[in-house]
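# Coordinate analysis (summary)
Now for the letters of each chain:
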Amino acid sequence: MSTIRTHNLGYPRIGEQRELKQATESFWQGKLTCEELQETGRKLRRQNWLKQQAAGIDLIPVNDFSFYDHILDASCLLGNVPSRFGKAADAADFETQFTIARGQRSTGGEDACGCGQSHAAGFASEMTKWFDTNYHYIVPEFRADTRFRLAATKLFDEFAEALALGIHAKPVLVGPVTYLSLGKVQDTENPDFDPFTLLDGLVTVYEEILARLAVQGADWIQLDEPVLALDLNDRQRDAFLECYPRLARAAGSAKLLVASYFGELRDNLPLFLGLPVAALHIDGVRGKDEIATVIARFPSDKILSLGVVDGRNIWKNEFVESLAILGHARETLGKERLWISPSCSLIHAPVTLENERKLDAEIKGWLAFADQKLAEVASLSEILRGRASVTLLVENEASHLARRNSPRIHNAQVKARLAAVVSSDSNRRSAFPERQKLQRAKLGLPLFPTTTIGSFPQTQEVRSARAKWKNGTLPAVAYDAFIKEETRRCVAFQDEIGIDMPVHGEFERNDMVEYFGEQLDGFTFTSHGWVQSYGTRCVKPPIIFGDVSRPQPMTTYWSGFAKSLTEKPMKGMLTGPVTILQWSFVRNDQPRETTTRQIALAIRDEVVDLEGIGIAAIQIDEPAIREGLPLRRADWESYLAWAVDAFRLCASGVRDETQIHTHMCYSEFNDIIGAIAALDADVITIETSRSNMELLDAFVDFNYPNEIGPGVYDIHSPRVAEVREMENLMTKAAALLPAGNLWVNPDCGLKTRGWPEVRTSLENMVACARKLREQVVVPNI
Ligand code: GLN
Ligand code: ZN
């Protein structure tokens, strides 16, 4: 092949209309047979391969398809099914993947896994975020007695399936070092076991896999090693050195491509460039500043795959810029040694713009989803080969020029206001001790005040009323009356059971980010822009395309209404700027920090307006602060500095006696506790019940000065916690932290729960607070 090749690292498997989700869920409900579900899978794969072929992609990936998760598929392939799944562990079949992901439904004994809690046997494997994406993979589990073996044929079957269609595809598989690095030790007898001692056995199975693919006729095999974008330890480095010579040998006639993505290689560059494989892929978007170095040092016997088209965002590629990079690479490496591709797998992008009929035409012209990105990859190669018409380039540049100059993007007022922000805007007027006194006097709360995190059950009726209002079948007045009635009942319930700081219930909100995005300028929404989050769950992130501003108050209507229903201090409820940023597709034409600060100013106005209507406590949720952490430690400090400042900018427009709350869940706090304290929220509510209050250690060690509400029960389970259990947890907390600073609340919002369990749980929670008040004597409060 004497020309620049195009390839793809992975294609979204959900289908243009989320067909995979529908089919899989139907199968779970028993409405579809296993064979029917598999047929849907085959159809989707075929469709996806043909689409990629038609787009002009030379090397199309296989095994990027999965019914649940491709890392889970790798575990099944490698015979790494935890023994608690019994029979399934010995003979992994099609349904094994769902069992591991969702847990064994049948009843079993209790089984201690060493996490401090007991679970039913066959509990699901843990799931966690794939690097800094919103994709969640099923965490591989390792034990001292883990033995790998080739245990599934999906990979080989799908390769053959593509071959039968005339597509000579490139099998894709997570690399062994990343696989071992992302797993977790689940071994009560050997909790300190080092998974890397399993390397030899693991590589033996990989060798077998590669050899078999070569026999099947694979020319190229892609091994994903995104850990190369992380800070590696010696064990991981050694593992690379140890296993890749073996893998390259085992692959025989098939050549290996090792893919790194999601960041620069930095200190891992020599290791990466030294891997004894035929081709190396780098992320040319996140690793843009490093491309010149990579090219300068690139070994003469390898092919470089340059991922210049952003797989993590939805903006059109700027051809002039990409061509400059690719042109330079071609000059140095020669056209035979250069491949073009997206920066990473396209599972992080929505499928296609094709079905977006409602999207504003101007904005649509600036975007590229997965299908459009592949067309861009093909176009770039055509242009480089001098085979494309100039209009391709001219049109692309015109579109970027139009975007840059569009009045839709620029709001002079927003820019001027941001420029005028001074550091004192991010400081409350007085320090916390002073504020605490004023807030106590104003709020008159008892010791161990009770509150909730904000949402109450979003029942089927609530969701269907909203759907009807949105599609025009329920008049706005009727919808309004309906939500008022829900809110009234919710506030009355909280009054009745004796919650000290009630909330309005968030019945009017579809989603904590979308609700604000819909009311802010600078945001837009797609109809089909779904991205897989985990299993069959997909999310449709808002798109932030322009300067963000708040045309009018967003929450005062509902908070004001709720406040009028009770004597108790109603808590206002907002989503913080970092979370709004983190859960959206963001602009690529200005730093994330700038976008976040614009959102922060909009939320700040909302905080001030809530105070203006007499709301004395306002919660600004920031559950996503931690997941925004950069992949490399060296970059943490600057991120945390602007993230914290954005929160403070929102929170500091109010008087001292107005109490600012924040909420975080699923977070580990140890390594960011300094930043959490620097938020200077008057009250923080966090998830702690599942960790048995262990999460509090960080707060204790740090001597956390402000008030804190450690969650007393897990809202992810329908199980109703007993008063006694909550009391135990709170007694533990009170032994660790000043009792006068403690709040009593659930772990997180109650929106996914049903009313019956919410009722009993909260009654128990209030009873727990009352008991605590009798037991604990706090001096000087
Ligand atoms: N206020 C939100 C709720 O109660 C918080 C959700 C979250 O932390 N993710 O639903
Ligand atoms: Zn939460």
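For the rest of this paragraph, the subject is the coordination of the zinc ion (ligand 2). Binding of the zinc ion (ligand 2) to the protein goes through His663 (NE2), Cys665 (SG) and Cys748 (SG), at separations of 2.0 to 2.3 Å. Around the zinc ion (ligand 2) sit four donor atoms; with metal-centred angles ranging over 91 to 122°, the donor geometry is tetrahedral.

All right, on to helix α1 (residues 19–28) then. For α1, the full list of buried residues reads Leu20, Lys21, Ala23, Thr24 and Phe27. Next to the buried residues of α1 lie α2 (34–55), α5 (96–102) and β17 (537–539). One or two positions beyond α1, positive phi appears at Gly30, with a value near 80°.

A full pass over the atoms with the stated rule returns six cavities of 30 Å³ or more. If you add up the space inside the largest cavity, you get close to 230 Å³. Residue lining of the largest cavity: 21 residues in total, with Asn63, Asp64, His70, Val172 and Asp224 positioned closest to the centre. Looking at the lining of the largest cavity, the elements that each hand over two or more residues are α3 (70–77), α6 (154–164) and β8 (170–174). A total of four residues in the lining of the largest cavity trace back to one element, the largest contributor, which is α3. Along the lines of polarity and charge, the residues of the lining of the largest cavity split into eleven nonpolar, five polar and five charged.

This part takes up the sheet that holds strand β13 (residues 303–309). Judged by pairing direction, the sheet is parallel, and its eight strands sit side by side in the order β1-β14-β13-β12-β11-β10-β8-β2 without closing on themselves. Of all the strands in the sheet, just β1 (5–6) and β2 (61–62) have a single pairing partner and so form its edges. For β1 and strand β14 (residues 338–342), the ladder comprises two bridges, and the chain directions are parallel. Paired with Thr6 across the bridge in β14 is Ile340. The strands that helix α12 (residues 319–333) touches are β13 and β14; relative to β13, the one it contacts most, it runs at about 175°. Sitting on the sheet, helix α14 (residues 370–384) is in contact with β1, β13 and β14, with an inclination near 155° to β14.

A few words now on the pairing of strand β18 (residues 543–549). Extensive coverage of β18 is indicated by the burial of seven of its seven residues. For strand β15 (residues 521–524) and β18, the ladder comprises three bridges, and the chain directions are antiparallel. Paired with Thr524 across the two strands is Ile543, which belongs to β18.

As a further point, take the packing of α12 against α14. Here α12 crosses α14 at 55°, and the two axes come no closer than 10 Å. Taken together, the axes of α12 and α14 lie oblique to each other. Note on packing geometry: the crossing formed by α12 with α14 is right-handed. Mapping the contact onto sequence places Phe319, Ser322, Leu323, Leu326, Gly327 and Arg330 in α12 and Glu376, Ser379, Leu380, Ile383 and Leu384 in α14. Its residues assigned to classes, the contact of α12 with α14 shows six nonpolar, three polar and two charged.

The end-to-end C-alpha distance of helix α24 (residues 636–651), which contains 16 residues, comes to 22 Å, matching closely the 22 Å that a straight helix rising 1.5 Å per residue would cover. Residues of α24 that are buried include every one of Trp636, Tyr639, Leu640, Trp642, Ala643, Val644, Ala646, Phe647, Leu649, Cys650 and Ala651, and no others. Those residues of α24 that are buried lie in contact with α22 (577–582), α23 (592–612), β20 (617–621), β21 (659–664) and α25 (673–678).

Here we come to the pattern of salt bridges. Within this structure, the stated rule accounts for 57 salt bridges. Between Asp145 and Arg143 there is a salt bridge, with the nearest N and O atoms lying 3.0 Å from each other. Looking at Asp145, the relative accessible area reads 46%, which means it is partly exposed. Look at Arg143 and you get partly exposed, because its relative accessible area is 26%. Residues joined in a network through salt bridges with shared partners are Arg45, Asp73, Lys154, Glu158 and Glu161.

Now for the confidence of the model for the chain. On average, residues of the chain carry a pLDDT of 94, and 96% of them reach 70 or more. Mean pLDDT per element in the chain: strand β3 (residues 110–112) is the minimum at 36, and strand β10 (residues 220–224) is the maximum at 99. Contacts for the low-pLDDT stretch residues 106–119, under 50 throughout, to residues beyond four places or in other chains number 21 contacts.

Our focus in this paragraph is the site of ligand 1. Near ligand 1 you find Ile453, Gly454, Ser455, Glu506, Met512, Met573, Asp621, Pro623, His663, Cys665, Cys748 and Gly749, and these make up its full shell. The contact in question runs from an oxygen atom of ligand 1 to an N or O atom on the side chain of His663, over 3.1 Å. Considered on its own, ligand 1 offers 300 Å² of accessible surface; in the complex 90% of this is hidden by protein. Taken together, the residues that form the shell around ligand 1 break down as six nonpolar, four polar and two charged.

With phi around 55°, Arg18 is a residue other than glycine that occupies positive phi space. Note that Arg18 resides in the loop between β1 and α1. The residue Asp680 is not glycine, and still its phi comes out positive at about 60°. In this fold, Asp680 is placed in the loop between α25 and β22 (683–686).

This brings us to the packing of aromatic side chains. To describe a pair of aromatic rings, you give the distance between the ring centres and the angle between the ring planes. All chains considered together, the criterion is met by 28 aromatic pairs. Centre to centre, the rings of Trp28 and Phe98 are 5.5 Å apart; their planes meet at 85°, and the pair counts as edge-to-face. Within this pair, whereas Trp28 is found in helix α1, its partner Phe98 is found in helix α5, the two being separated by 70 residues in sequence. The class for Trp28 is partly exposed, based on a relative accessible area of 25%. Look at Phe131 and Phe262: their rings are 5.6 Å apart centre to centre, the planes differ by 55°, and that puts the pair in the tilted class. With a gap of 131 residues between them, Phe131 in the loop between β5 (127–129) and β6 (136–138) and Phe262 in the loop between β11 (255–259) and α10 (269–273) connect regions that are remote in the sequence. For Phe262, a relative accessible area of 2% gives the class buried.

What counts and what doesn't
- Residues numbered from 1 in each chain as written.
- Chains lettered and ligands numbered in written order.
- Predicted model: local features only at pLDDT ≥ 70, side-chain atom pairs only at ≥ 80, totals over all residues.
- Heavy atoms only, no water.
- Donors = N, O, S within 2.8 Å, 3.2 Å for Na, K, Ca; no water.
- Tetrahedral: all angles 85-135°; square planar, octahedral: opposite > 155°, others 65-115°.
- Buried < 20%, exposed > 50% of the residue type's maximum accessible area, 1.4 Å probe, protein only.
- Helix = DSSP H or I, 4+ residues; strand = E, 2+ residues; numbered from the N terminus.
- Contact = heavy atoms within 4.5 Å.
- 1 Å grid on protein atoms, 1.4 Å probe; cavity = no way out; pocket = protein on both sides within 12 Å on 5 of 7 lines; lining within 4 Å.
- Points joined across faces, edges and corners; volume = space filled by probe spheres on them.
- Nonpolar A, V, L, I, M, F, W, Y, C, P; charged D, E, K, R; others polar.
- Pairing = 2+ DSSP bridges.
- Axes fitted to C-alpha atoms, helices over the stretch in contact; angles between N-to-C directions.
- Parallel < 35°, antiparallel > 145°, perpendicular 65-115°, else oblique.
- Left-handed = near helix turned anticlockwise from the far one by under 90°.
- Expected span 1.5 Å × (residues − 1).
- Salt bridge = Lys/Arg side-chain N within 4 Å of Asp/Glu carboxyl O.
- pLDDT = per-residue confidence, 0-100.
- Near = heavy atom within 4 Å.
- Polar contact = N/O pair within 3.5 Å; in protein donor to acceptor, adjacent residues only side chain to side chain.
- Areas by Shrake-Rupley, 256 points an atom, 1.4 Å probe, with all protein chains shown as cover.
- Phe/Tyr/Trp six-rings, centres within 6.5 Å; stacked < 30°, edge-to-face > 60°.

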